[in-house]
Amino acid sequence: MDIFLNIFFPFLLTGFICISLKPLIMYLTKIKVMDIPKKRSNHFIPTPKGAGLIIIPTIIVSIVFFIYFDLINHEPWSLICLLTFVLWVTSIFDDFYNLPSIPRLVIQGLCVFIAIKFLNDEISNLAQAIINIANFDINKELFNYFLKVLIFFYWLWLVNLFNFMDGMDGITGFQVCTFSMGIIVLSIFGSLPNENSYIGIILFSSFLGFLFWNKPPARIFLGDSGSIPIGFLISSIIILSLIKQQNFIPTMILILFHFIDSTLTICLRALKRKNIFEAHSDHFYQKKIRSGSSHQKVLEKINIVNLALIVFSILYLYLGVLSLVFSILLVFKLLHWLNGKNEKYK
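Report on the accompanying structure. As the structure is a computational prediction, the values presented were derived from the model and not from experiment.

## Focus: the overall build of the protein
- Within the protein one finds 14 helices and two strands.
- Relative to a compact globule of 346 residues, whose C-alpha radius of gyration would be 20 Å, the protein shows 20 Å and is just as compact.
- Based on the C-alpha atoms only, the size of the protein along its principal axes is roughly 55 × 50 × 40 Å.
- Within the protein, buried positions represent 53% of all 346 residues.
- A sequence separation of at least 24 residues applies to 75% of the contacts in the protein between residues at least 6 apart.
- With the model as given, the accessible surface of the protein reaches about 16,500 Å², and the carbon-plus-sulfur share is 68%.

## Quick word on the pattern of salt bridges
- With the rule as written, the count across this model stands at three salt bridges.
- With its nearest N and O atoms 3.6 Å apart, the salt bridge here joins Arg 104 to Asp 94. Here Asp 94 lies in helix α3 (residues 74-97) and Arg 104 lies in helix α4 (residues 101-118), a separation of ten residues in the sequence.
- A salt bridge links Lys 274 to Asp 282; the shortest N-O distance between them is 3.7 Å.
- Put simply, Arg 269, Lys 274 and Asp 282 are held in one network by salt bridges that share partners.

## Some thoughts on the packing of aromatic side chains
- One pass over the full model with this rule turns up 18 aromatic pairs.
- Pairing Phe 9 with Phe 65 gives two aromatic rings, centres 5.6 Å apart and planes at 15 degrees, and the pair type is stacked. Residue Phe 9 is located in helix α1 (residues 2-30), and its partner Phe 65 is located in helix α2 (residues 52-68); the two are separated by 56 residues in the primary sequence.
- Relative accessible area serves as the criterion here: at 12%, Phe 9 is assigned to the buried category.
- Put simply, the rings of Phe 9, Phe 65, Phe 66, Tyr 68, Phe 69 and Tyr 198 pair up and form one aromatic cluster.
- Sitting over the ring of Phe 212, Lys 215 keeps its end group 4.7 Å from the ring centre.
- Geometry around Trp 337 places Lys 301 over its ring, the cationic atom sitting 5.2 Å from the centre.

## A word on the nonpolar core
- Core analysis: the biggest nonpolar cluster contains 80 residues, and Trp 155 and Ile 230 have the highest contact counts within it.
- When residues in this core are grouped by element, the largest group, eleven residues, is from helix α6 (residues 140-165).
- Filtering out sequence-adjacent residues up to four positions away, Ile 230 remains in contact with Ile 56, Ile 59, Val 176, Leu 203, Phe 207 and Leu 222.

## Observations concerning the packing of helix α7 (residues 171-188) against helix α9 (residues 224-243)
- Orientation of α7 relative to α9, taken along the N-to-C sense of each, is 25 degrees, at an axis distance of 12 Å. As the angle between them shows, α7 and α9 are arranged roughly parallel. Pair α7 / α9 crosses with left-handed handedness. Seen from α7, the contacting residues are Val 176, Phe 179 and Ile 183; seen from α9, they are Ile 230, Ile 234, Ile 237 and Ile 238.
- Counted by class, the contact of α7 with α9 contains seven nonpolar, no polar and no charged residues.

## With respect to the side chain of Lys 49
- For Lys 49, the location among the structural elements is in the loop between β2 (47-48) and α2.
- Here Lys 49 is buried and forms no salt bridge, its nearest opposite-charge partner Asp 95 lying at an N-O distance of 4.6 Å.
- In contact with Lys 49, not counting residues within four places along its chain, are Leu 28, Val 33, Met 34, Asp 35, Asp 95, Asn 98, Phe 221 and Gly 223.

## Some words on the packing of helix α13 (residues 295-319) against helix α14 (residues 321-339)
- At a closest axis distance of 8 Å, the pairing of α13 and α14 adopts a crossing angle of 170 degrees. Between α13 and α14, the crossing angle belongs to the class labelled roughly antiparallel. Residues Lys 297, Val 298, Lys 301, Ile 302, Val 305, Ala 308, Leu 309, Phe 312, Leu 315, Tyr 316 and Leu 319 of α13 form the contact with α14, whose own contacting residues are Val 321, Leu 322, Ser 323, Leu 324, Phe 326, Ser 327, Leu 330, Val 331, Leu 334, Trp 337 and Leu 338.
- Partitioning the contact of α13 with α14 into residue classes produces 18 nonpolar, two polar and two charged.

## Examining the state of the cysteines
- Tallied over the entire structure, the rule returns zero disulfides.
- In this structure Cys 111 is not part of a disulfide, and its nearest cysteine sulfur, from Cys 81, lies 13 Å away.
- Taking relative accessible area as the criterion, Cys 111 reaches 3% and is therefore assigned buried.
- Sulfur of Cys 177: no disulfide; nearest cysteine sulfur belongs to Cys 18 and is 13 Å away.

## Brief notes about the side chain of Asp 169
- In this fold, Asp 169 is placed in the loop between α6 and α7.
- No salt bridge is formed by the buried Asp 169. Its closest oppositely charged neighbour is Lys 215, at 10 Å.
- A polar side-chain atom of Asp 169 sits 3.1 Å from the main-chain amide nitrogen of Ala 218.
- Excluding its chain neighbours within four sequence positions, the residues that come into contact with Asp 169 are Asn 214, Lys 215, Pro 216, Pro 217, Ala 218, Phe 221, His 295 and Leu 299.

Calculation notes
Residues numbered from 1 in each chain as written. Predicted model: local features only at pLDDT ≥ 70, side-chain atom pairs only at ≥ 80, totals over all residues. Heavy atoms only, no water. Helix = DSSP H or I, 4+ residues; strand = E, 2+ residues; numbered from the N terminus. Rg over C-alpha atoms; globule rule 2.2 N^0.38 Å. Buried < 20%, exposed > 50% of the residue type's maximum accessible area, 1.4 Å probe, protein only. Contact = heavy atoms within 4.5 Å. Areas by Shrake-Rupley, 256 points an atom, 1.4 Å probe, with all protein chains shown as cover. Salt bridge = Lys/Arg side-chain N within 4 Å of Asp/Glu carboxyl O. Phe/Tyr/Trp six-rings, centres within 6.5 Å; stacked < 30°, edge-to-face > 60°. Lys NZ or Arg CZ within 6 Å of the ring centre and 35° of its normal. Core = buried A, V, L, I, M, F, W, Y, C linked by side-chain atoms within 4.5 Å. Axes fitted to C-alpha atoms, helices over the stretch in contact; angles between N-to-C directions. Parallel < 35°, antiparallel > 145°, perpendicular 65-115°, else oblique. Left-handed = near helix turned anticlockwise from the far one by under 90°. Nonpolar A, V, L, I, M, F, W, Y, C, P; charged D, E, K, R; others polar. Lys, Arg positive; Asp, Glu negative; His and termini not counted. Disulfide = S-S within 2.5 Å. Polar contact = N/O pair within 3.5 Å; in protein donor to acceptor, adjacent residues only side chain to side chain.

Have a look at this one:
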């Protein structure tokens, strides 16, 4: 069974996603569920959107399959899979009918709230640990409530982060793959629970199949039906590492480029009094593409940094804050390059 789950199952998963996306591309093209290029778009050809229609249920079923064999804990992953399914259904409607942002945020917020409610005991333990370490003279119940509010908004931001960053061929697929590689290695090192290695295998295999069609030039986009649920799944891994005090920072380093690019972009838009909920092309990687660089060239640079972040994530176990500092400097070096407008590529 171990050989099947660790070797044959990933190949089957990758093959299934890769093969099943071809008829989906044809179907979405036929019914005209397309991402039509706009002034802010980074592509010029109408492209089908909605790869999440196949990828997300495949991931959910795979996680449930591993839960059945006690390789992934029933709690909290059964609930996380259920909430992911709710977000998937909601996002399908968004892909087909372009739902307003407020109803989407309400449903996302409700899912995050339910998850936090379920993790109440773990959050209380985290609050007590912070009070003990920092020697705070504060009411524990009040601090526990404050911590829940912080986690709620942080979790909600991480969910949407993948949707915001899904604006270039291959960017989300490769980010999910490098994140998955990172949590697999951290699990092997014993720094994350062993179940994370199986979740990593599922995510990596699924998105490897997706990348066959989404690498530049993309034949299909993930769509909200993919980016929102995968954002919830990955953010759940990160939040659980925080709440359960299991190497949160190394896990967070794995998505540092996505996090810093999105956070800085939103902050800059807010400072310029622009609508932060409005679709835009102000991300650093988008600016580079619009200045003349190809999707392929920009993606290569981002992938190199994300692979380096896996190394820094592991090094954090030995170097601590120094590794985090190097990770942040590396990401800002990339952002500086992305923000440049002089270099042109054919």
